[in-house]
Amino acid sequence: MFGRDPWGGPLEISNADSATDDDRSRDLDRAALMRQLDETQQSWLLAGPGDQAGKKKKKYVDLGCVVLDRKIFMWTVGTILGLGVFIGFIMMIVKLVPHKRPPPPPPDQYTQALHKALMFFNAQRSGPLPKHNGVSWRGNSCMKDGLSDSTVRRSLVGGFYDAGDAIKFNYPMAWSMTMLSWSVIEYKAKYEAIGELDHIKEIIKWGTDYILKTFNSSADTIDRIVAQVGIGDTSKGGSQPNDHYCWMRPEDIDYKRPVTECHSCSDLASEMAASLAAASIVFKDSKTYSDKLVKGAKALYKFGRTQRGRYSPNGSDQAIFYNSTSYWDEFVWGGAWMYFATGNNSYLTVATAPGMAKHAGAFWFGSPNYGVLTWDDKLPGAQVLLSRLRLFLSPGYPYEEILRTFHNQTDNVMCSYLPVFNSFNFTKGGLIQLNHGGPQPLQYAVNAAFLASLYSDYLESADTPGWYCGPNFYTTEVLRKFARSQLDYILGKNPLKMSYVVGFGNKYPKRPHHRGASIPHNGVKYGCKGGFKWRETKKANPNILVGAMVAGPDRHDGFKDIRTNYNYTEPTLAANAGLVAALISIADIPTGRYSIDKNTIFSAIPPMFPTPPPPPSAWKP
């Protein structure tokens, strides 16, 4: 078959031209084999298909921002995980192996002295002693108090002996419990940090349990209270044994101990009310006991306000040893504590009545004893307490005017403690003479130290850096410096280089005027006069009265360690209460931003102002 050639020649289509593509491919292969191959081409032909397939392709990991070889990636990840496990293992070993931590810094001297000062109260306990009392030479004593008095015929066992004798004076005992409770309310965290909170609460309860026995604490209205157990007047002569005529251990007392009651004693009743009210705040976590204390406090304060009179009439045993000059300061003091314990405004109204303040001496600027806090004059303490109310709650009208007056007077009292103003003399060694050179000066100094230290904490907690004395501004550190100077003097920084707290330091009084400490605890009972040989001896007391602050030096910094001179060597319950309060206030015990507990004392007080209504709900179209 011939076709027409487009280029002019014939186009022949034959069977040969119809061969398949495979045939033509074989023909080409044959032709290629006929040609001479170079070495490279020969090597291609000699390499079989299996050799090409045996070569592995490299694998990669695409991390998005970078592509890595898979082997390198896996090796890196494995290394990191291995290092992590190794570091974790090392850290576990470090945590499990015990470390020697540096010991905490030793407590400062105030904390050390505080531990000892609290032990004095253990030595003064009357009645059946707890097993953990910690004073080996003391035992159960005066187990028939009250029961042996035909006019009373009820148990008055317990409480504390006042000083070196075995008399239980309710007036200074109640004041001591109030001061201890006040210190716990303000510095609870400090007591807890040094492991003394349970101890001091036990001491307070020992006192308040006894106070509840001295009147009908289950009644709303009472007509009498016990003023003291025992008697000490020896001025009338005779040979009738009593707590001052005899020198014998309390455990050996076998003579009758009369009970003195009073039917019009506003000062004593109000102080006892203050002690129970303050303690009710300390024990607020125990509702049953706290309520019991409040109930008793209400009855006492009501009795004191109704049956007006001093508890220490002229010529009485109370007047000889703990004479009360008035009851107006106790009305203010007791009213303040009753308000804090109950939140009832009627008590605050009494405490802030201008007439009450005037009678209490709040405006007697020229009084030589103005600002001196004692078991007899509570006004300086009451003014500090009510200044606290103004600083932190500010109740406003109608209390603001008198509270501002109390606050201003507190400022003046603090100014009077500073040597620059010459309000009080100081010994050459630096002890303030708040009793104008009289005997037993230390009890006044510790009370002033407590107020100064506490007030400085109030100011700092209220974000106030100091206060004014006239045109001059003084920082809170000035008050602390004063407080420390008085406590330092008592603990040994004085011309005699001796501590006035028994058992503290290397040099301290060895012959305190104290019956129990001066007579050996050897199983021998010494009668009323049999103990006098121990009183008169010049030897040191056989029993160490740990923590007792003695009466103190004279105005020339002189001191005689003589057992028979109580003006130098006798400790008292009230003095040691002030010492404990001062020590805890100034001790360097970290507890947080503020040293004081700002709110616990106000826990029973309702909100001062109405609660604002809630905001309206969000508007919806």
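Up top you'll find the structure we're talking about.
Residues numbered from 1 in each chain as written. Predicted model: local features only at pLDDT ≥ 70, side-chain atom pairs only at ≥ 80, totals over all residues. Heavy atoms only, no water.

Draft legend 1. Examining the overall build of the chain more closely. Per the secondary structure count, the chain includes 21 helices and nine strands. Looking at the chain as a whole, 49% of its 621 residues are labelled buried. Across the chain, every contact between residues at least 6 apart in sequence was considered, and the portion connecting residues at least 24 apart equals 71%. Of the accessible surface of the chain, which amounts to about 31300 Å², a share of 57% is contributed by carbon and sulfur atoms. (Helix = DSSP H or I, 4+ residues; strand = E, 2+ residues; numbered from the N terminus. Buried < 20%, exposed > 50% of the residue type's maximum accessible area, 1.4 Å probe, protein only. Contact = heavy atoms within 4.5 Å. Areas by Shrake-Rupley, 256 points an atom, 1.4 Å probe, with all protein chains shown as cover.)

Draft legend 2. The arrangement of the sheet that holds strand E7 (residues 259-262) in detail. Read from one edge to the other, the open sheet built from three strands follows the order E5-E6-E7, with strand pairing classed as antiparallel. Because the sheet does not close on itself, it has two edges, and the strands there are strand E5 (168-169) and E7. Summarising the sheet, strand E6 (residues 225-229) and E7 pair through four bridges and their orientation is antiparallel. When the bridges of E7 are listed, Gln 228 appears paired with Thr 260. (Pairing = 2+ DSSP bridges.)

Draft legend 3. Fine view of the nonpolar core. One finds Trp 182, Ile 225, Trp 337, Phe 340 and Tyr 417 to be the most contacted residues of the largest nonpolar core, which totals 162 residues. If sequence neighbours within four positions are ignored, Tyr 417 has contacts with Gly 371, Phe 426, Ile 432, Leu 434, Ala 448, Leu 451, Ala 452 and Phe 482. With nine residues, the next largest nonpolar core counts Ala 166, Cys 246, Met 248 and Cys 528 among its residues. (Core = buried A, V, L, I, M, F, W, Y, C linked by side-chain atoms within 4.5 Å.)

Draft legend 4. Region of interest: the side chain of Asn 447. Here Asn 447 shows up in helix H16 (residues 442-461). Apart from the residues within four sequence positions on either side, Asn 447 is in contact with Trp 175, Met 179, Leu 373, Thr 374 and Gly 578.

Draft legend 5. Fine view of the packing of aromatic side chains. A complete count under the given rule lists 30 aromatic pairs for this structure. Look at Tyr 301 and Tyr 347: their rings are 5.7 Å apart centre to centre, the planes differ by 70 degrees, and that puts the pair in the edge-to-face class. On the criterion of sequence distance, the pair formed by Tyr 301 in helix H9 (residues 287-306) and Tyr 347 in helix H12 (residues 345-351) is long-range, its members being 46 residues apart. One aromatic cluster in this structure is built from Trp 175, Trp 182, Trp 333, Trp 337, Tyr 339, Phe 340, Phe 450 and Phe 602. Sitting over the ring of Trp 206, Arg 125 keeps its end group 4.8 Å from the ring centre. Lying across the ring of Phe 331, Arg 305 places its NZ or CZ 4.9 Å from the centre. (Phe/Tyr/Trp six-rings, centres within 6.5 Å; stacked < 30°, edge-to-face > 60°. Lys NZ or Arg CZ within 6 Å of the ring centre and 35° of its normal.)

Draft legend 6. The arrangement of the pairing of strand E8 (residues 466-469) in detail. Looking at chain direction, E8 and strand E9 (residues 472-475) are connected through four bridges and run antiparallel. Residue pairing across strands places Gly 466 opposite Thr 475, the latter belonging to E9.

Draft legend 7. Quick peek at the pattern of salt bridges. Following the criterion strictly, the structure yields 25 salt bridges and no others. The partner of Lys 295 in a salt bridge is Asp 220, and the shortest N-O contact between them spans 2.6 Å. Note that Lys 295 is positioned in helix H9 and Asp 220 in the loop between helix H7 (197-213) and E6, a separation of 75 residues in sequence. Looking at Lys 295, the relative accessible area reads 33%, which means it is partly exposed. Measuring nitrogen to oxygen at the nearest pair gives 3.7 Å for the salt bridge that ties Lys 284 to Asp 285. Its relative accessible area of 38% is what places Lys 284 among the partly exposed residues. (Salt bridge = Lys/Arg side-chain N within 4 Å of Asp/Glu carboxyl O.)

Draft legend 8. Summary view of unusual backbone geometry. Of the consecutive residues Tyr 397 and Pro 398, the connecting peptide bond is found in the cis state with omega at 0 degrees. Relative to the helices and strands, Pro 398 resides in the loop between helix H14 (379-392) and helix H15 (400-416). Unusually for a residue other than glycine, Asn 422 sits at a positive phi of about 55 degrees. The residue Asn 422 is located in the loop between H15 and H16 in this model. Of note, Asp 463 is a non-glycine position whose phi angle comes to about 55 degrees, a positive value. The topology assignment puts Asp 463 in the loop between H16 and E8.

Draft legend 9. Here's a closer look at the packing of helix H6 (residues 170-193) against helix H8 (residues 266-282). Contact geometry for H6 and H8: axes closest at 8 Å, N-to-C directions at 30 degrees. With respect to each other, H6 and H8 are oriented roughly parallel. Both H6 and H8 take part in a crossing whose hand is left-handed. Only Asp 267, Leu 268, Glu 271, Met 272, Ala 274, Ser 275, Ala 278, Ala 279, Ile 281 and Val 282 of H8 make contact with H6, whose side of the interface consists of Asn 170, Tyr 171, Ala 174, Trp 175, Met 177, Thr 178, Ser 181, Val 184 and Ile 185. Tallied by class, the residues present in the contact of H6 with H8 amount to 13 nonpolar, four polar and two charged. (Axes fitted to C-alpha atoms, helices over the stretch in contact; angles between N-to-C directions. Parallel < 35°, antiparallel > 145°, perpendicular 65-115°, else oblique. Left-handed = near helix turned anticlockwise from the far one by under 90°. Nonpolar A, V, L, I, M, F, W, Y, C, P; charged D, E, K, R; others polar.)

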